[in-house]
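The chain contents come next:
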Amino acid sequence: FPRAWLNFFTLSFFFFQAEDGIRDAQESRGLGDVYKRQVHGDNRKFERRQIIQIEMSQTREENVFMSKITEQTERFEDMIEYIKKIANAESELTIEERNLLSVAYKNTVGSRRSAWRALTSIEQKEEAKGGSHLPLIRTYKKKVEEELSKYCQEIIRLLDERLIKQAVKAEGKVFFLKMKADYYRYICEYATADLHSKSSQSALEAYKAASDIANTELKTTDPIRLGLALNFSVFHYEVMNDPQKACQLAKKAFDEAIADIEQLEDDKYKDSTTIMQLIRDNLTLWTSEMGDAPEEGDN
């Protein structure tokens, strides 16, 4: 068997974030604890003003550096603030910068998505037993939903107003259109009625726009194109309740990538084959059950 086939079918699992492919865990290694500050007594307000002035005057390179520091320390809300300063600039984001943007919002929103799912499960159990704490649970769940809306709408607005327009290359356009679609899909997870309908339609339009570009300008083995196919298929399965379309889309992407796998570039090999594995796992699950079980490749 060719090397690529053997490597693919013995592939181990990696954590995948579809917005940016695979984040290399070693990318931020060795940065250390370089941003520590202390606030004492009556000097607190003065020092706070100093910190604000320093942050306002930071260069692009320094904001990238601090984005890495906040990623390393898992301070993702802080990471958003640093990377937004770069995203709000006039120039197009580099690959590294857009990956940092993706990681910041992915983790900030991801923790709240997990909390919402847990609260939904707790709510159902409390309701089933007629518990007295149901109003408390629902109030807190509403708070989580408001936080989800805040961050999802924030990144969607940034994408619409700046990032999609600034993207010159096809790879960047697909990346950001897919990102926009993903965050509308996340809204669909908790939204109801008119908000759910509008968000699902917006997600569908963004996924289609990204697919039109990807299918004509990106290779079948490109990890951004494969990540788009993965998440678009999950959208059809979960939001549109169309497992047949989900399987059709996923299978087409997988088969096309397999046909061209020998031409896969070395620097994209791990990312692409990992996503292909996730697509195949979803296909196996969907075709065998066609139920409501969670997808292993959902991002």
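Quick note: structure is the one above.
Scanning the protein for helices and strands turns up 11 helices and zero strands. Reading the helices (α) and strands (β) of the protein from amino to carboxyl end gives α-α-α-α-α-α-α-α-α-α-α. Within the protein, the fraction of its 299 residues that count as buried is 49%. Long-range contacts, defined as pairs at least 24 residues apart, comprise 72% of the intrachain contacts of the protein with a sequence gap of at least 6. As displayed, the protein offers around 16000 Å² of accessible surface, 51% of which is attributable to carbon and sulfur atoms.

Further remarks concern the side chain of R113. Take R113: it is sitting in helix 5 (residues 95-128). Residue R113 is classed as buried on the basis of its relative accessible area, which comes to 7%. In terms of polar contacts, R113 uses its side chain to reach the side chain of E189, at 2.6 Å.

Let us now look at the environment of T287. Here T287 shows up in helix 11 (residues 269-289). The exposure class assigned to T287 is exposed, which follows from its relative accessible area of 53%. The spatial distance from the C-alpha of T287 to the C-alpha of Q244 is 8.8 Å, given a sequence separation of 43 residues. A polar contact is formed between the side chain of T287 and the backbone oxygen of L283, at a distance of 2.7 Å. Polar side-chain contacts of T287 include one of 3.3 Å to the backbone oxygen of T284.

So, on to the nonpolar core. Counting residues in hydrophobic clusters, the biggest one holds 58 residues, and the most contacted among them are L101, I155, L163, V174, F176, M179 and Y183. Broken down by secondary-structure element, the contributors of at least two residues to this core are helix 4 (76-87), helix 5, helix 6 (134-166), helix 7 (170-190), helix 8 (193-217), helix 9 (223-238) and helix 10 (243-259). The biggest single contributor to this core is helix 7, with 13 residues. Each residue touching F176, except ones within four places of it in the same chain, is listed here: L93, R98, L101, L159, L163, I164 and A167. Listed in part, the 20 residues of the second largest apolar core include Y237, A250, A257 and L264.

Rules used throughout
Residues numbered from 1 in each chain as written. Predicted model: local features only at pLDDT ≥ 70, side-chain atom pairs only at ≥ 80, totals over all residues. Heavy atoms only, no water. Helix = DSSP H or I, 4+ residues; strand = E, 2+ residues; numbered from the N terminus. Buried < 20%, exposed > 50% of the residue type's maximum accessible area, 1.4 Å probe, protein only. Contact = heavy atoms within 4.5 Å. Areas by Shrake-Rupley, 256 points an atom, 1.4 Å probe, with all protein chains shown as cover. Polar contact = N/O pair within 3.5 Å; in protein donor to acceptor, adjacent residues only side chain to side chain. Core = buried A, V, L, I, M, F, W, Y, C linked by side-chain atoms within 4.5 Å.

Shape is all these values report; function is a separate question.
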